[in-house]
Amino acid sequence: MASPGVSLPDEMIDEVDEIAYERSEPGDSVSRSEVIREAIGEYLDRHNRRPDQSADDSVDEAPATN
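What counts and how
Residues numbered from 1 in each chain as written. Predicted model: local features only at pLDDT ≥ 70, side-chain atom pairs only at ≥ 80, totals over all residues. Heavy atoms only, no water. Helix = DSSP H or I, 4+ residues; strand = E, 2+ residues; numbered from the N terminus. Buried < 20%, exposed > 50% of the residue type's maximum accessible area, 1.4 Å probe, protein only. Areas by Shrake-Rupley, 256 points an atom, 1.4 Å probe, with all protein chains shown as cover. Salt bridge = Lys/Arg side-chain N within 4 Å of Asp/Glu carboxyl O. Patch = residues over 30% accessible without salt bridge, like charges linked within 9 Å, V, L, I, M, F, W, Y side chains within 5 Å. Lys, Arg positive; Asp, Glu negative; His and termini not counted. Charge placed at Lys NZ, Arg CZ, Asp CG, Glu CD. Axes fitted to C-alpha atoms, helices over the stretch in contact; angles between N-to-C directions. Parallel < 35°, antiparallel > 145°, perpendicular 65-115°, else oblique. Contact = heavy atoms within 4.5 Å. Nonpolar A, V, L, I, M, F, W, Y, C, P; charged D, E, K, R; others polar.

### A closer look at the overall build of the chain
Item 1. Looking only at helices and strands, one finds 2 helices and 0 strands in the chain.
Item 2. Split into buried and exposed, the 66 residues of the chain put 5% on the buried side.
Item 3. Of the roughly 6200 Å² that the chain leaves accessible, carbon and sulfur atoms contribute 51%.

### A few points about the pattern of salt bridges
Item 1. For the structure shown, the criterion picks out 2 salt bridges.
Item 2. With a shortest N-O distance of 2.8 Å, Arg-23 and Glu-38 are connected by a salt bridge. In this pair, Arg-23 is assigned in helix H1 (residues 10–23) and Glu-38 in helix H2 (residues 32–49), connecting sequence segments 15 residues apart.
Item 3. On the basis of relative accessible area, Arg-23 is assigned to the partly exposed category, the value being 40%.
Item 4. The exposure class of Glu-38 is partly exposed, given its relative accessible area of 36%.

### Some details on a nonpolar patch on the surface
Item 1. On the surface, Ile-40, Tyr-43 and Leu-44 cluster together into a nonpolar patch covering about 300 Å² of accessible area.
Item 2. With relative accessibility at 45%, the residue Tyr-43 sits in the partly exposed group.

### Observations concerning a negative patch on the surface
Item 1. Among the surface-exposed residues, Asp-10, Glu-11, Asp-14, Glu-15, Glu-18 and Glu-22 lie close enough to one another that they form a single negatively charged patch.
Item 2. Of note, Glu-11 is situated in helix H1.
Item 3. Of the residues examined, Glu-11 reaches a relative accessible area of 55% and is grouped as exposed.

### Structural notes on the packing of H1 against H2
Item 1. Running from N to C, H1 and H2 cross one another at 105°; their axes reach a closest spacing of 8 Å. The orientation of H1 with respect to H2, classified from their angle, is roughly perpendicular. On the side of H1, the interface is formed by Ile-13, Val-16, Asp-17, Ile-19, Ala-20 and Arg-23, while H2 contributes Arg-32, Val-35, Ile-36 and Glu-38.
Item 2. Here the residues of the contact of H1 with H2 sort into 6 nonpolar, no polar and 4 charged.

In structure tokens, the structure reads:
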């Protein structure tokens, strides 16, 4: 598995840690990484379901720079 080394703002990390803590139970902890992987998976699922998505790699609202 690749490790992309993504940087997040401290506020976002705090929120992710809070979610992980809330989902954890004694003997079954949830890690920050699990929460982030789930969030990215959900984003990709939504992105792939968009009917108006074209076949290119551009990002909505982000102008291409060459």
